[in-house]
Amino acid sequence: MCATEYHRLLGIGESAFDGLEDHLESRTYEGREYRHVPDYRRGVERGTVLLEGTVVRGFPKVPRTLVLSAGIPTAFGDGEKIVVEEKLNGYNVRVACIDGEILAFSRSGRICPFTTRMLERLIDLADLEALFATHPGAMICGEIIGPENPYTACDYPGVDSLAFRAFDWRDRETGAPLPVGERRERYERFDVPQVRSFGTYEVDETAEIRRIIDRLDREGREGIVMKSLSGTRQLKYTTSAANRGDLAYAFSLPFDYGQPFMFRRLLREAFQSVEWDESDEVARERAHDLGEAIVLSMREAIQCVDDGGTVGEGHTVRACDDAIDALFEHLRADGLQLEIESDRHENGDRIVEFRKRTPSSNDKIRNYLEGHVVEE
Ligand code: ATP
Ligand code: MG
């Protein structure tokens, strides 16, 4: 397809498309060539894919508030109703049917060979095919969660390995969402598992929303995404448990996570403490838990390297041989160094425990342990 037609599909001018083209990444997936928008660009969502003369829109960035009572009325209209859904901690996937083939796209717009192969296990294939037969232009948006996860592993009760939960239904080409109610009904009709809804609230019902957060926090869950009934506006907010969990993880690989990642989570904690009007005693407890998450996980990493070990991002995957081979090929092609820790078969599946090497943390920790002197 020539550029002119793509610019029309994207709804941008020809010269804007010319400017965009330089930033597109070209990839191939099983002989199929495609291009995608790998980062945030004005006008076109990150993760937008151009292939086979059609477009798969990126999933929009979800804005966050640090203060519920002030952020909710800012993000949504006066007197507007919002739906509160659970925010799950896994990886974002968009599923679309291109030329009769059902493909899974990553957040940045790559076709994920592993997720594509796992789809029929995560959603009943007959349901998926029926959905695309009825709605060929659908883009199923959801989160892949669970402990046997090659990207973002997180435990959820009732999820032993890997699971899919839909949280949005958009038009593949325009990116326009279905209203929340209609979306939930459709997924129910096609038997596609979806994120939990906590119901509909007024924008000033902060106390009720706060209670949802408290409950999720106690259960160690990530948080919520609030949505206008039309599905067009979203706002996220995370629990202290999630902020702390992220910090513990990031500080266990202290030189591989960007410092802004850590700083942002610290800010969230401080704002939450103030919004929730914590007593000095409760705030001190929060600070203590946060300090433990940071220092103890770093200490463990340093001890591990000191004992001659290496730190890295450990993952377990369980899938058919083909999906695992495709995953490792995909990760290695991305420049990741993998250490396979165990590799076995069980009930026809291959189960592999592996680590993504994190050279920066290992090298820096070792250097410091060996007495490297820092100019600071
Ligand atoms: P973003 O750019 O979307 O903010 P991020 O990498 O910073 O991405 P998160 O902080 O995890 O991601 O928040 C947004 C992501 O949350 C979405 O991209 C989606 O994958 C995930 N998510 C989980 N549950 C939901 C939900 N119920 N509604 C919308 N998104 C959800
Ligand atoms: Mg996430």
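Structure first, text after, so check above.
Residues numbered from 1 in each chain as written. Chains lettered and ligands numbered in written order. Predicted model: local features only at pLDDT ≥ 70, side-chain atom pairs only at ≥ 80, totals over all residues. Heavy atoms only, no water.

Student: I'd love a proper account of the packing of helix 3 (residues 68–75) against helix 7 (residues 206–218), names of residues and values included.
Tutor: Running from N to C, helix 3 and helix 7 cross one another at 115°; their axes reach a closest spacing of 10 Å. On the basis of the axis angle, helix 3 is roughly perpendicular to helix 7. At the point where helix 3 passes helix 7, the crossing takes the right-handed sense. Residues Leu68, Ser69 and Ile72 of helix 3 pack against Thr206, Ile209, Arg210 and Ile213 of helix 7. Broken down by class, the residue content of the contact of helix 3 with helix 7 amounts to four nonpolar, two polar and one charged. (Axes fitted to C-alpha atoms, helices over the stretch in contact; angles between N-to-C directions. Helix = DSSP H or I, 4+ residues; strand = E, 2+ residues; numbered from the N terminus. Parallel < 35°, antiparallel > 145°, perpendicular 65-115°, else oblique. Left-handed = near helix turned anticlockwise from the far one by under 90°. Contact = heavy atoms within 4.5 Å. Nonpolar A, V, L, I, M, F, W, Y, C, P; charged D, E, K, R; others polar.)

Student: Tell me about the site of ligand 1, and please be specific about residues and values.
Tutor: If you check the shell around ligand 1, you find 19 residues, and the closest are Lys61, Lys87, Glu143, Lys227 and Lys236. At 2.8 Å, a side-chain N or O of lysine 61 approaches an oxygen atom of ligand 1. Within the side chain of arginine 107, an N or O atom sits 3.0 Å from an oxygen atom of ligand 1. Calculation on ligand 1 without its partners gives an accessible area of 600 Å², and the protein chains cover 82% of this total. Those elements giving two or more residues to the shell around ligand 1 turn out to be strand 5 (81–87), strand 11 (223–228) and strand 12 (234–238). (Near = heavy atom within 4 Å. Polar contact = N/O pair within 3.5 Å; in protein donor to acceptor, adjacent residues only side chain to side chain. Areas by Shrake-Rupley, 256 points an atom, 1.4 Å probe, with all protein chains shown as cover.)

Student: Lay out the pattern of salt bridges in plain terms, naming residues and giving numbers.
Tutor: A full pass over the atoms with the stated rule returns 35 salt bridges. A salt bridge links glutamate 30 to arginine 117; the shortest N-O distance between them is 2.5 Å. Placement of glutamate 30 in the loop between strand 1 (25–29) and strand 2 (32–36) and of arginine 117 in helix 4 (residues 113–122) is noted, with a sequence separation of 87 residues between them. On the basis of relative accessibility, which here comes to 56%, the residue glutamate 30 falls in the exposed class. Aspartate 168 is the salt-bridge partner of arginine 170, the closest N and O atoms lying 2.9 Å from each other. Here the two residues arginine 170 and aspartate 168 agree in accessibility, since each one is buried. (Salt bridge = Lys/Arg side-chain N within 4 Å of Asp/Glu carboxyl O. Buried < 20%, exposed > 50% of the residue type's maximum accessible area, 1.4 Å probe, protein only.)

Student: Account for the sheet that holds strand 10 (residues 197–202), naming residues and giving values.
Tutor: Taken together, the four strands give an open sheet; going across it, the order is 10-5-11-12, and neighbouring strands pair in antiparallel fashion. With partners counted over all chains shown, the strands left at the sheet margins are strand 10 and strand 12, one partner each. For this sheet, the mean angle separating the axes of adjacent strands, direction not counted, is 25°. Where strand 11 and strand 12 come together, five bridges link them in antiparallel fashion. Each bridged residue has a counterpart across the sheet, and for isoleucine 224 the counterpart in strand 12 is tyrosine 237. Its contacts with the sheet put helix 3 on strand 5, strand 11 and strand 12, and the angle it makes with strand 12 is roughly 165°. (Pairing = 2+ DSSP bridges.)

Student: Run through the nonpolar core, naming residues and quoting values.
Tutor: If you look at the biggest cluster of nonpolar residues, it comprises 36 residues, and the most contacted ones within it are Phe114, Leu131, Phe132, Ile140, Phe164, Val192 and Phe328. Per-element accounting of this core gives the leading share, five residues, to helix 11 (residues 321–333). Not counting residues up to four positions away in its chain, the partners in contact with isoleucine 140 are Val93, Arg94, Val95, Leu128, Leu131, Phe132, Phe164, Asp168 and Tyr187. (Core = buried A, V, L, I, M, F, W, Y, C linked by side-chain atoms within 4.5 Å.)

Student: So what about a negative patch on the surface? Which residues, and what values?
Tutor: Residues Asp280, Glu281, Glu285, Asp289 and Glu292 make up a contiguous surface patch of negative charge. When its relative accessible area of 32% is taken as the criterion, aspartate 289 is described as partly exposed. (Patch = residues over 30% accessible without salt bridge, like charges linked within 9 Å, V, L, I, M, F, W, Y side chains within 5 Å. Lys, Arg positive; Asp, Glu negative; His and termini not counted. Charge placed at Lys NZ, Arg CZ, Asp CG, Glu CD.)

Student: How would you summarise the side chain of lysine 227 if you had to cite specific residues and measurements?
Tutor: Mapped onto the elements of the fold, lysine 227 is located in strand 11. What makes lysine 227 buried here is its relative accessible area of 4%. At 2.9 Å, the side chain of lysine 227 forms a polar contact with the side chain of glutamate 85. With near-sequence residues (within four places) excluded, lysine 227 lies in contact with Phe76, Lys81, Ile82, Val83, Glu85, Phe167, Val180, Arg183, Arg233 and Gln234.

As far as function goes, none of this settles anything; it's purely spatial.
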